Amino acid sequence: MAPASWACVTWMLVVEAVYAWMFDVPAMETRALSIATRYALRRRQFPNPDGGEVVLLDYLLHQRRLLPGIAKAYALGFANHDLIELLAKARDGKVDDDFQRSLESRAAGLKAAQARFANDIVQGCREACGGAGFIGENQVTRMRSDADIFATFEGAHTVLMQLVAQWRRPGV
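Residues numbered from 1 in each chain as written. Predicted model: local features only at pLDDT ≥ 70, side-chain atom pairs only at ≥ 80, totals over all residues. Heavy atoms only, no water.

1. Regarding the pairing of strand E1 (residues 44–47)
The condition is simple: Any two strands with at least two DSSP bridges between them are considered paired. What counts as a helix is a DSSP run of H or I of at least four residues, what counts as a strand is a run of E of at least two, and both are numbered from the N terminus.
Taken together, the three bridges between E1 and strand E2 (residues 53–55) define a ladder with antiparallel strand orientation. Bridging across to E2, arginine 44 finds its partner in valine 55. The loop that links E1 with its antiparallel partner E2 comprises five residues; one of these, glycine 51, has a positive phi angle of about 105 degrees.

This is the structure:
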């Protein structure tokens, strides 16, 4: 294996800088989903015909708010793992310009998608917890302020998505 060129090393640092923060975001999403789901399984509200109270997660609104978020968190986790494998492949040997641009585009697109999802799901989890979503001890409020920061960290999503579109456009 030939040593990587200076341009390739610089490029790898840029891609890794865009990607590095994404280790915190999935953990934050997973934690918010875990808190909201456990709360919805424990909290009971309104009487049911059997005489007890209904668990919040039995309500369709809670299911539609939380369960697709759990599925999307898994999907984005798989995409993160694929990107890690591609970064390892790029470090191991020479990469051509197409691979380089593809990897940069994937990192940019995944960052934008992951940050948008983080904003949406943490807010949804806070709402799913009701008044308890504002209590400092369950940490969802703190995660919400962190999610806002991730929305623009390392570049605005519009710019990152333009990078993805530019790479996907034939002839560019």
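2. Here's the deal with the packing of helix H3 (residues 60–92) against helix H4 (residues 97–128)
Put simply, the rule reads: Every axis corresponds to a line fitted to the C-alpha atoms, with the helix fit spanning only the stretch in contact, and the corresponding angles, defined between N-to-C directions, vary from 0 to 180 degrees. The cut-offs work like this: below 35 degrees is roughly parallel, past 145 is roughly antiparallel, 65 to 115 is roughly perpendicular, and the gaps in between are oblique. Two helices that cross are described as forming a left-handed crossing if the nearer one is turned anticlockwise from the farther one by less than a right angle, and a right-handed crossing if clockwise.
At their nearest, the axes of H3 and H4 sit 10 Å apart, and the two run at 155 degrees to each other. Taken together, the axes of H3 and H4 lie roughly antiparallel to each other. The interaxial crossing formed by H3 with H4 has left-handed handedness.

3. Some remarks on unusual backbone geometry
In this model, phenylalanine 46 sits at a positive phi of 65 degrees, which is unusual for a non-glycine residue. Counting through the fold element by element, phenylalanine 46 comes out in strand E1.

4. Remarks on H3
Inclusion rule: The span expected for a helix works out to 1.5 Å for each residue beyond the first. For each residue, the accessible area found with a 1.4 Å probe, counting protein chains only, is set against the maximum for its type, and the residue is called buried under 20%, exposed over 50%, and partly exposed in between.
When the terminal C-alpha atoms of H3 are compared, their 48 Å separation across 33 residues agrees well with the 48 Å that a helix rising 1.5 Å per residue should span. Residues of H3 that are buried: His62, Leu66, Gly69, Ala73, Leu76, Gly77, Asn80, Leu83, Leu86, Leu87 and Ala90.

5. So, the nonpolar core
For clarity, the threshold we go by: In these notes, a set of buried Ala, Val, Leu, Ile, Met, Phe, Trp, Tyr and Cys residues joined through side-chain atoms within 4.5 Å is what counts as a nonpolar core. Contact between two residues is taken to exist if any of their heavy atoms lie within 4.5 Å; hydrogens are not considered.
Counting 34 residues, the largest nonpolar core has Met28, Leu66, Leu103, Val122, Cys125 and Met143 as the members making the most contacts within it. Contributions of two or more residues to this core are made by helix H2 (24–42), H3, H4 and helix H5 (140–150). When residues of this core are assigned to their parent elements, the largest contribution, 10 residues, is made by H4. If we ignore the near neighbours within four places in the chain, the residues touching valine 122 are Met28, Ala32, Val140, Met143 and Arg144.

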